[in-house]
Amino acid sequence: MREAFFVELFKIFKKDKNAILITGDLGYRLLDKFRKELPKQFINAGIAEQNMMSVAAGLALEGKKVFVYSIANFPVLRCLEQIRNDVAYHNANVKIISAGVGFDYGTLGYSHHATEDIAVLMAIPNISIISPFDNYTAKIAARYVYKNKGSFYVRLSKDKINDLVKDKKNYDIKKPAEIIKGEKIAIFSTGAIIQEAIKTAEILSKKNIKIGVYGFAMIKPIDKEYIRQIIKRYDIIFTLEEHRINGGFGSKICNIISESNNKSKIIKIGLDDKFNFFIGDKQYLMKINKVDKMAVKKYILKIAVKNYDFQEKKCNKKLLNKL
Amino acid sequence: MSSQKLAWNIRRKALEIIHNTRSSHIASVFSVADIVAVLYADILKFNNKNPKWEKRDRLILSKGHAGLAVYIALCESGFFSEKVLNSYCKNGSYLQGHISNKNVPGVEVSSGSLGHGICIASGMALAAKMDNKKHRIFTITGDGECDEGSVWETALFANHYELNNLTVIVDHNKMQSLDFCENTLKLGNLCKKWEAFGWKVFEVNGHDHAELKKILKKQDKKKPTCIIAHTIKGKGVSFMENNILWHYRDPQDEYYLKAKEELEKEKL
Ligand SMILES: Cc1ncc(C[n+]2csc(CCOP(=O)(O)OP(=O)(O)O)c2C)c(N)n1
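None of these values were measured; they are calculated from a predicted model. (Residues numbered from 1 in each chain as written. Chains lettered and ligands numbered in written order. Predicted model: local features only at pLDDT ≥ 70, side-chain atom pairs only at ≥ 80, totals over all residues. Heavy atoms only, no water.)

**Q** Hey, could you run me through the domain arrangement of chain A in this one?
**A** Residue and element names in this part refer to chain A. Per the domain assignment, the segments making up chain A are domain 1 (2-156) and domain 2 (177-322). Put simply, the middle of domain 1 and the middle of domain 2, counted by C-alpha atoms, are 28 Å apart. Taken together, the contact pairs 31 residues of domain 1 with 30 residues of domain 2. In this assembly, domain 1 packs against domain 2 so that about 2,200 Å² is buried in total across both faces, 66% of it on carbon and sulfur atoms. Connecting domain 1 to domain 2 are two salt bridges. A salt bridge links Glu116 to Arg244; the nearest nitrogen and oxygen atoms lie 2.8 Å apart. Counting only elements with at least two residues in the side of domain 1 that touches domain 2, the list comes to helix H5 (117-122), strand E5 (127-130), helix H6 (135-147) and strand E6 (151-156). Its residues placed into classes, the side of domain 1 that touches domain 2 shows 17 nonpolar, ten polar and four charged. (Domains from an automatic or database assignment. Contact = heavy atoms within 4.5 Å. Buried area = accessible area lost by both parts, 1.4 Å probe. Salt bridge = Lys/Arg side-chain N within 4 Å of Asp/Glu carboxyl O. Helix = DSSP H or I, 4+ residues; strand = E, 2+ residues; numbered from the N terminus. Nonpolar A, V, L, I, M, F, W, Y, C, P; charged D, E, K, R; others polar.)

As C-alpha cells, this is what we get:
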C-alpha cells in the first residue's frame, strides 16, 4: 500500500512545486524518486521528529502543502504534542504519513509495533485519520489528502493488497466500501488486516454462513448515518483491527452504535491491553494475539453462529444478550 | 575472553544470525562491536549468575537497533545460552530486533526509539547519586541519534546534576539511516558541542581496544563524561564499510560468503 500511495503522491508532486515532503531520516528506496528527482521538494529533517512536526506546521502556515513521513510510531507518538498543538490546533495543512503500522515491523520489536496510534489521534480534534485497506484506497488517500486542506494522518501498511473496492466509480473514501455482502453477520475492518476478515468470510461461506465484510479507509471523521444504514441489515457486527481494542476503530464504531436505536450486537476484535514481550513476523503476532483469520472464525462460530438460528433466521436474543 | 576475541565473536556471530534470520542493521552492529566488547571484557562490573546484582555497572544501549551486539556479548559472558541467542528475531523470541530487557537477563533497558536510552541512563545515574552508590552508568548512542532533542536535554540535565557516574559513548560513524550525517543535519564538532554543555569529553578511535580501555576507565570528579568514538559503519567487512545499504540489507549468497571469508581471515 505504501508504494501505491507514494507512486500517486509522486505524480502530484511533479505538478505542484508547493508540495513538500519531509522525512525523519527514513524511506530508503521508498522515497528515492523524491530525493533524487525532486530534491527541492524533499527535506530530510534527521532523526528529530518533534522538530520535524513543528517545522511542518510552520511551512504549512506559510502556504506549503506538507507531507511528513516516518515509520511506525515515530511520526505520531514521538511528536504527539507537536501534532496536537502545532498541527491540529492551527489547522495546518499537514499530512502525516506513517508506513509500517500494526505488526508490519513484527520482528523489530515492541518499539516498532504501531498499535496505539489510532487511539491517541482519535482523541485529538481537527485531525482526520485515513487507514487504507488496499492499494486502491491508498492511492485515493494520496489524492484526497492532497486535495483537502487540513491535518490528516494516513496509516499505511507495508502489505501490497490488490484492489478490493469493486465499485470504483462511486467510491467515496469517507464511506465504508462493501467488499462482501453478507447476511446477519458482518465484519467491519480497516487497514491491511481486512485480509483476515475476507479470508474468514471465504472459509465460512463454505459452511453456508454468509459474512459481510466492509472496509473503512477514513475512520475519523466517520459517516455515522451511512453506518447506521449498514448495521440495520445485520444482527451482529464484528470489528477487526490491527490495533488495541481500547480507543481504536472498534471503539469508534461501538460509540456510533450505542448512540443509535439500533440493537445490533457489536463485538470488537483487536489487541488486548497488554504488551507482547516477544516478537515474530506479522502472521505470527496476529495469530498469537488472536486477530488472524482462524481466531476471527472462532469468534464468529462461538459467539455468533452458536446463538443464531439459521432456520428461523433469527438470533437467540436471550443468549446474545449474555455476551 | 579478551576484548579482541569478543569483538570478533560479535561480528562473526552477528553475520551468521543476520544472514539466517534475514534481519537488518548489520553495519550498525559492526560499528559498535569493539566498544561493546571492551565494555564487557574489561570495564563493566557484572555478575552473570546474578544479573540484578546491585553493585553492577549499568550499560544502556540507546541505539537499540544494534541490540544484537549486546545480546552476543551477554551470551558470551554467560548470561544466557547460545540457543537463546540463536532465537534472535525468530517467532516467539524475547530477543527482539531492537534491544529489549523483558525476560533477557543482563539487558538493563529496552530501547528502539532513538533518544530515549540515554535519558533513562541519566535517571539511573541520578538515582545512584541519591543513594550514594558507586556503580557507573554507561550508555551508547549513535551520532544520528544525536539529532534528537532529547539527547541535548539530557546533556543539560546530567551536567546540571553533576552526574559524574555517567558516561556517554557516541558511536560516531558519520552515517545515519538515509545518508551521511553531514548531508542530513550537520553535527559540526561533536566534541566541542558536548564540552559546551559542560561535559568532560574524550575523543578516541572506536576500534582501538587499548585506547578505549584506557579512556573508559576515566571518571571525572564532577562532570559527566562523553566519549566521542570515531568508528566506521560496517567495520570489519570491506564492502559494508561506509555503505548505507548495509543499514538495511541482510547478507545473502555471495555477499554472505565474502563477508564470512573476510571475517575468518581476521580470526584470533
Ligand atoms: C525516534 C526514532 N526515529 C527513527 C528511527 C529509525 N532509525 C533506526 S536506526 C536509524 C539511524 C540511526 O543512526 P545512528 O544513530 O547514527 O546509528 P548507526 O546505525 O549509524 O550506528 C533510524 C533513523 C528510530 N529507531 N527512532
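**Q** Quick question: what am I supposed to make of the environment of Ala201 of chain A here?
**A** Residue and element names in this part refer to chain A. Note on placement: Ala201 falls in helix H7 (residues 194-205). On the basis of relative accessible area, Ala201 is assigned to the buried category, the value being 4%. It is 30 Å that separates the C-alpha atoms of Ala201 and His112, two residues lying 89 residues apart in sequence. (Buried < 20%, exposed > 50% of the residue type's maximum accessible area, 1.4 Å probe, protein only.)

**Q** Any chance you could explain a nonpolar patch on the surface here in plain terms?
**A** On the surface, Phe275 and Phe277 of chain A together with Tyr94 of chain B cluster together to form a nonpolar patch covering roughly 310 Å² of accessible area. Note on placement: Phe275 of chain A falls in the loop between strand E12 (265-271) and helix H10 (282-288). (Patch = residues over 30% accessible without salt bridge, like charges linked within 9 Å, V, L, I, M, F, W, Y side chains within 5 Å. Areas by Shrake-Rupley, 256 points an atom, 1.4 Å probe, with all protein chains shown as cover.)

**Q** Whenever I open this one, the site of the ligand confuses me. Can you help?
**A** Around the ligand lies a shell of 24 residues, among which Glu49 of chain A together with Ser28, Lys63, His65 and Asp143 of chain B are the nearest. More than one chain lines the surroundings of the ligand; the residues nearby belong to chains A and B. Here an oxygen atom of the ligand and a side-chain polar atom of Lys233 of chain B are 2.7 Å apart. Split by residue class, the shell around the ligand holds five nonpolar, ten polar and nine charged. (Near = heavy atom within 4 Å. Polar contact = N/O pair within 3.5 Å; in protein donor to acceptor, adjacent residues only side chain to side chain.)

**Q** Help me out: how do you make sense of the packing of helix H1 (residues 3-21) of chain B against helix H10 (residues 253-265) of chain B in this one?
**A** When two helices pack together, their arrangement is given by the angle between the helix axes and the distance between those axes. All names here are of chain B. Between H1 and H10, whose axes approach to 10 Å, the crossing angle comes to 165 degrees. With respect to H10, the axis of H1 lies roughly antiparallel. For the pair H1 and H10, the crossing hand works out as left-handed. Judged by residue contacts, Trp8, Arg11, Arg12, Leu15, Glu16 and His19 of H1 engage Tyr256, Ala259, Lys260, Leu263 and Glu264 from H10. In terms of residue class, the contact of H1 with H10 is made up of five nonpolar, one polar and five charged. (Axes fitted to C-alpha atoms, helices over the stretch in contact; angles between N-to-C directions. Parallel < 35°, antiparallel > 145°, perpendicular 65-115°, else oblique. Left-handed = near helix turned anticlockwise from the far one by under 90°.)

**Q** Sorry, what's going on with the packing of aromatic side chains here?
**A** Two numbers describe a pair of aromatic rings. These are the distance of the centres and the angle of the planes. Residue and element names in this part refer to chain B. Here the structure, examined in full by the defined rule, presents 24 aromatic pairs over all chains. For the ring pair Trp152 and Trp194, a centre distance of 4.9 Å and an interplane angle of 40 degrees mean the geometry is tilted. Of this pair, Trp152 sits in helix H6 (residues 149-160) while Trp194 sits in helix H8 (residues 190-196); the two residues are 42 residues apart in sequence, bridging distant segments of the chain. With respect to burial, Trp152 and Trp194 carry one shared label: buried. (Phe/Tyr/Trp six-rings, centres within 6.5 Å; stacked < 30°, edge-to-face > 60°.)

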